[in-house]
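Structural description and commentary
One letter stands for each residue in the lines below.
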Amino acid sequence: MGKYPIGSKDSDINNLLDGLARLVQDGIAAIPDDTSIEIIESKLSGEPVPERLVNFCNAEISKALTSQTLATEQKMAAHVLPAKLMQNVQATTNAQTGRL
């Protein structure tokens, strides 16, 4: 974040914005002693938003393709579904797919 004094000219504000944009791209800057620049970090908790979106889409696609909603929703938990339940789900899916 760059700060400018109230009453600054538009050209000075634009120069500040251009300098900040270059700083983001280059990662380096040289500034006068009496100037300050604040770096503000995003404070998101958990996984990054794009990663959450990818994981959500993967889970939904897996459910659509395999009909294994309960197994997909467990998200790698140590809990394992009983084999009988999985066989029933697969048999139902195979029977329904055969009718298509």
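Residues numbered from 1 in each chain as written. Predicted model: local features only at pLDDT ≥ 70, side-chain atom pairs only at ≥ 80, totals over all residues. Heavy atoms only, no water.

Assigned secondary structure in the protein consists of 4 helices and 0 strands. Shown N-terminal to C-terminal, the secondary structure of the protein runs as helices and strands in the order α-α-α-α. The 100 residues of the protein split such that 9% are buried. Total accessible area on the protein is roughly 8800 Å²; 58% of this is exposed by carbon and sulfur atoms. (Helix = DSSP H or I, 4+ residues; strand = E, 2+ residues; numbered from the N terminus. Buried < 20%, exposed > 50% of the residue type's maximum accessible area, 1.4 Å probe, protein only. Areas by Shrake-Rupley, 256 points an atom, 1.4 Å probe, with all protein chains shown as cover.)

Here we take up helix 1 (residues 10-26). With 17 residues, helix 1 should cover 24 Å at 1.5 Å per step; its first-to-last C-alpha distance of 24 Å lies within 8% of that length. Every buried residue of helix 1 is accounted for by Ile 13, Leu 20 and Leu 23. Across the axial projection of helix 1, the buried residues extend over an arc of 80 degrees, all falling on one side. Counted as exposed and oriented over 90 degrees from the buried face of helix 1: Asp 10, Asn 15, Gln 25 and Asp 26. Positive backbone phi, approximately 80 degrees, marks Gly 27, located one or two places after helix 1. (Expected span 1.5 Å × (residues − 1). Arc of directions from axis to C-beta.)

Okay, the environment of Ala 29 next. Here Ala 29 is to be found in the loop between helix 1 and helix 2 (49-66). As a C-alpha pair, Ala 29 and Gly 19 span 10 residues in sequence and 8.3 Å in three-dimensional space.

Owing to its 3.6 residues per turn, the α-helix brings residues three or four apart onto one side. For helix 2, built from 18 residues, the straight-helix expectation of 26 Å at 1.5 Å per residue is met to within 8% by its first-to-last C-alpha distance of 26 Å. Ser 67 lies just past helix 2 and shows a positive phi near 60 degrees.

On to a nonpolar patch on the surface, then. A cluster of nonpolar side chains, Ile 31, Ile 37 and Ile 39, forms an exposed patch at the surface whose accessible area comes to about 280 Å². If you trace the backbone, Ile 37 turns up in the loop between helix 1 and helix 2. Look at Ile 37 and you get partly exposed, because its relative accessible area is 30%. (Patch = residues over 30% accessible without salt bridge, like charges linked within 9 Å, V, L, I, M, F, W, Y side chains within 5 Å. Salt bridge = Lys/Arg side-chain N within 4 Å of Asp/Glu carboxyl O.)

Now for the confidence of the model for the protein. Close reading of the predicted structure is inappropriate where its pLDDT is low. Model confidence for the protein is summarised by a mean pLDDT of 75, while 74% of its residues fall at 70 or above. Helix 1 holds the highest mean pLDDT among the elements of the protein, 86, whereas helix 3 (residues 69-73) holds the lowest, 60. (pLDDT = per-residue confidence, 0-100.)

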